[in-house]
Amino acid sequence: MLGYYLTPAKAKNFVLLAGSLVFYTCGEPWYVLLLVMSVLLNFYSAKMIDRIKVQGDRRAVFLMTLFVDVGILAFFKLSPFMQKWMGGEIALPLGISFYTFQILSYLIDVYRREIPAEKSLISFATYAVMFPQISSGPIVYYSEISGALHGRRVTLKDLDSGLKTFVYGLGMKILVADRLAILWHELQTTGFVSISTPLAWLGAFSYSMQLYFDFYGYSLMAVGLGRMLGFKLPQNFNMPYMAKSIREFYRRWHMTLGRWFQKYIYIPLGGSRRGLAVTLRNLLIVWLLTSFWHGAGAHFFFWGLGLCLFIMLERIMDMGGVLSRSKVFGHLYVLFVVPLTWVCFAIPDLGDLRTYFGRLFGFVAGVNVKAGDFLQALQNYGLYLLVGVLLCTPLPKKLFERFKNNFFGMVILAILFWMCVDRIYSAGNNPFMYLRF
Amino acid sequence: MKAFKNLKYTVFIFILVLTGIVYYERQDIRDAIGGFLHPETENPGGNPGMVSGGDGSGSASEGNAAVSGGDAPGGNASISGGDSVSGGDSISGGDGVLTGSVSGGDGTVHWRYQTVDESYFDDAVFIGDSRTVGLYDYAGLSNTTFYASTGLTVYKVFSAPIVSVPGQKNKITVEEALSEHQFKKIYFMIGINEMGTGTVDTFMEKYKEVVAHLQELQPDAIIYLQAIMRVSTERSNKGDYINNPGIDARNAEIAKLADNKKIFYLDVNPLVCDDTGGLIKEDTFDGVHLKAAYIDIWKQFLMDHAIEFY
C-alpha cells in the first residue's frame, strides 16, 4: 500500500494491477488464469471493434466476444446443476459476476461507440481487476474512471476521506452485519420448524438488515479504498429501506447492478415507452436475468419473480403516486414485502423455504418450539437490531458527514476501527467463533 | 503554506495510529473492548442454559420396571464398558444385551434398563456443552436441572460461572452448585470442544479427574457418562480437529470408565447417525447440533435407558 504512494503516477496502475492480481491469486490460485484470459480477450476484441469500419464484421466480433463472456458466466452459474455429469463440485470464481458485468459494460460501450477502446492493456486490466471492488462491486462503468486511470493525483484529502469511509463500512460489516448473522445462523441450527412465529418475523427482519449492512459495508469499503487510491467509485446504496415502493427500493439497492440492467437490457428492449404490455415483458426479462445473475437456484427465481410481480402490480395499478404520497403506508408495505423476498433469497432448500413461510404465517405447526425464544433473541440481539434500524435511516450518514472531520468524530471512528480489528483478530484465532459448541 | 494547510488531513491517521498504540499496549482496554463486543463469547447462544430444577424427591425406581425391548437400537452399543469391570461380571440378556450384574467386594449388583417418563429427570442434573444446551432448550424438560453452557470443556466444567441462582445477580460455578444441591442422577456429555487441544490421553486424564470429583460431590448419584455425539460425515471430513475418528477414540476410553455400579455409559450415536457413521445429514444444519425437532430422539433414548437395580 505504501509502495503505491511512493511510485510515480505513471507506474501506479502497474503497481495496483500487480497487487490486485496477487490479491486475487491468494483467493483463487487457478481461476486467476480465467480472469486474465477474460481481460485479454475483451481488451483485444474491443480494440478490433473500435478499429473495424465494416458494421457486419464489428458485429460479428462483438457477438462472439459477448457469447464467450456470457457463456463462461452462465456455465459457472449453472454448474451446480451439472455436477452430476461433471463429477464433483465446481466453485464459483471469486467476483466473476461482478467483473464479467463490468467488462461487458466496457465491451458494449465500445461497440456502441460511446467510448473509444482503451489503448493501454495495463489501464484496462486495472479497471477490470482492481482489488477493492473485484469481489463484490460496485460495478463501475469504464467512462467513470477512465480519467483517473490515465492520470490521478492522490491527495492527502482523498486518503483521509477514503480511510474514513472505509472505517465506516468496515464497522457496518463487522460490528453489525456479522453480529446479526449469528441470529440467522442460530435459526438454521435450530431448524425452521422449531421457531416461533414472532421469532420467524424477527429473523426475516434481522436477515434483511444483515444482508444490507454486509453488502453496503463492503461497498463502502470499496468506495473508501478506491478513494484512497485516487478513484471515485459510484455509490451502491441509497438508504433502500426508506423507500416507499418496491420499485423505489430497487433504485436504491445495489444501484450499480440496477443501472446496468437498465442501460443494457431494459432500455434497449424499449423500456417503458412502448405501452404497458411491453413494459411488463421487459420487467419480467430484467428480473429473470437479475435472479439468474444471483444464481440459478430455484429460490433466487422465486425471489426475483416475487419482486417482479410487485413491481408489475405497482405499474399496473399506478400505485407509484399513491405510495409516494403516503406517509406511512408506503413504508409499511416495503417493510412487509421486502423481508419476505429476502427470506426466499436466503433459503436455498425449497422444503425449508416452505417451512419458514409456514412458520411466518402459521400454516406449518411448530415442533419443539421453545417458549419465549423471541424474547430471548431480542435480549441477545436487541442492541444490534436497534443499531441496525437506526442505520437504515438517513441519520447516521448525516452524523458521519457532519462529524467525520471533527476531532471527537475522528476519535470515535478510530475506536470503531480498533473494535473491528479486535473482532477480526479474535475471529482469526477461531474463524467460527460463534459456531463453538 | 499550502502544505501546512493539508496537514489537517493527516489528523485522522495520527488518531488511528495513537489509538492503535493504546489498544495494543493496554491489555485491560483490549479486554474491555472484547468484553463489550462479545459478552456472549462464553455463550454465543446467549443461553444461560440453566434452570434450577425441582428439589428432587427421588423417583428413580418408580415407573414401570419394564426392560425396554431388545430392538432398542442403542442397546447393544451401550454395554461395551462391561468387560472392563473387575470381578466376575456377567452380562445377560437375550438378543439385546440389556441387563448386567457386577460383583464387587460388597456383593453383586444386578441392573437393567427400564423405560421411564420425564419425571425421572426431576432429580437429575445434565452437565454439558452446547449439545446439552440444545436438550435444555428443546426437550421440554422443565423440571430438570441443567448446568450446561456453550463451549464448556472438561477443563473448566467446575470453574466456569454458568449456573444462575434465582434472585442472585452473579452466576455461580458448577462446583458450587453441586456442593449445594444433591442429585440422584448426573447426565454428562462433554468432549467436543476439547478436540482442538491435547490428545486423547490428556483429555481422558482430565475427564477421569472430573468424573472422580463428580462422585465426591454427589456420592449418591448414578452417573451417566454419555458418549460424545458424533458430527455429520460431511463435517467430519472438513479436515479440522473436529472429526468422528477422534470422537470415537474418546468414546472408547469414556466407555471404559463405566463400573456399572455407579457409573454407566450410554451411547445415543446409533440412533442419530446414518450408515456413514455421522449425524444424519437432514437432522442437523451445522453438522454438529441436532435440529430442535430431532432432540426427542435423544431424550427418548435416555428415557429408555434408565438404570434399575434389582
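What counts, and where the lines are drawn
- Residues numbered from 1 in each chain as written.
- Chains lettered and ligands numbered in written order.
- Predicted model: local features only at pLDDT ≥ 70, side-chain atom pairs only at ≥ 80, totals over all residues.
- Helix = DSSP H or I, 4+ residues; strand = E, 2+ residues; numbered from the N terminus.
- Rg over C-alpha atoms; globule rule 2.2 N^0.38 Å.
- Contact = placed C-beta atoms within 7 Å.
- pLDDT = per-residue confidence, 0-100.
- Buried ≥ 20, exposed ≤ 12 C-beta atoms within 10 Å, placed from the backbone.
- Arc of directions from axis to C-beta.
- Expected span 1.5 Å × (residues − 1).
- Axes fitted to C-alpha atoms, helices over the stretch in contact; angles between N-to-C directions.
- Left-handed = near helix turned anticlockwise from the far one by under 90°.
- Nonpolar A, V, L, I, M, F, W, Y, C, P; charged D, E, K, R; others polar.
- Core = buried A, V, L, I, M, F, W, Y, C linked by C-beta atoms within 7 Å.
- Domains from an automatic or database assignment.

If you tally the helices and strands in chain A, you get 20 helices and 0 strands. The C-alpha atoms of chain A give a radius of gyration of 23 Å, which matches the 22 Å a tight globule of 437 residues would have. By principal-axis analysis of the C-alpha atoms, chain A measures approximately 70 × 55 × 55 Å. Look at the contacts in chain A between residues 6 or more apart in sequence, and 75% of them connect residues 24 or more apart.

We now examine the confidence of the model for chain A. When the pLDDT values of chain A are averaged, the result is 87; 95% of them are 70 or greater. Segment residues 429–436 of chain A: pLDDT under 50, and 10 contacts once partners within four positions in sequence are set aside and those in other chains are kept.

All names here are of chain A. Within helix α8 (residues 142–150) the residues assigned to the buried category are Y142, I145 and L149. Across the axial projection of α8, the buried residues extend over an arc of 90°, all falling on one side. Residues of α8 that are exposed and angled more than 90 degrees away from the buried face: S143 and G147. Buried residues along α8 sit in contact with α2 (9–27), α5 (96–111) and α6 (121–129).

Moving on, we come to helix α3 (residues 31–51) of chain A. If you check α3 of chain A, its first and last C-alpha atoms are 30 Å apart, about what 21 residues at 1.5 Å a residue would give, namely 30 Å. For α3 of chain A, the complete set of buried residues consists of L35, S38, V39, N42, F43, S45, A46 and I49 of chain A.

Turning our eyes to something else, we now look at the packing of helix α10 (residues 197–229) of chain A against helix α17 (residues 350–361) of chain A. Residues and elements named next belong to chain A. Contact pair α10 / α17: the axes reach a minimum separation of 7 Å and the direction vectors enclose 115°. Our pair here, α10 against α17, has a crossing hand that is left-handed. Residues T197, A200, W201 and A204 of α10 form the contact with α17, whose own contacting residues are Y356, R359 and L360. Partitioned by chemical class, the residues of the contact of α10 with α17 number 5 nonpolar, 1 polar and 1 charged.

Residues and elements named next belong to chain A. The biggest cluster of nonpolar side chains holds 109 residues, and the ones touching the most others in it are Y99, A128, V129, M172 and F213. Per-element tally for this core: the top contributor is α10, with 17 residues. Built from parts of two domains, this core gets at least three residues from each of domain 1 (2–152) and domain 2 (158–244 + 326–435). In contact with A128, not counting residues within four places along its chain, are V39, Y99, Q102 and I103.

Counting through the fold element by element, R235 of chain B comes out in helix α7 (residues 233–236). Contacts of R235 of chain B, omitting those with residues within four sequence positions, involve I242, G287 and V288 of chain B.

Moving on, we come to the interface of chain B and chain A. Taken together, the 38 residues of chain B in the interface contact 34 residues of chain A. The class makeup of the residues in the side of chain B that touches chain A is 17 nonpolar, 13 polar and 8 charged.

Residues and elements named next belong to chain A. Domains assigned within chain A are domain 1 (2–152) and domain 2 (158–244 + 326–435). Contact residues are listed per partner, giving 12 residues for domain 1 and 12 residues for domain 2. Where the side of domain 1 that touches domain 2 is concerned, the elements lending two or more residues are α7 (131–134) and α8. No other element matches α8, which puts 3 residues into the side of domain 1 that touches domain 2.

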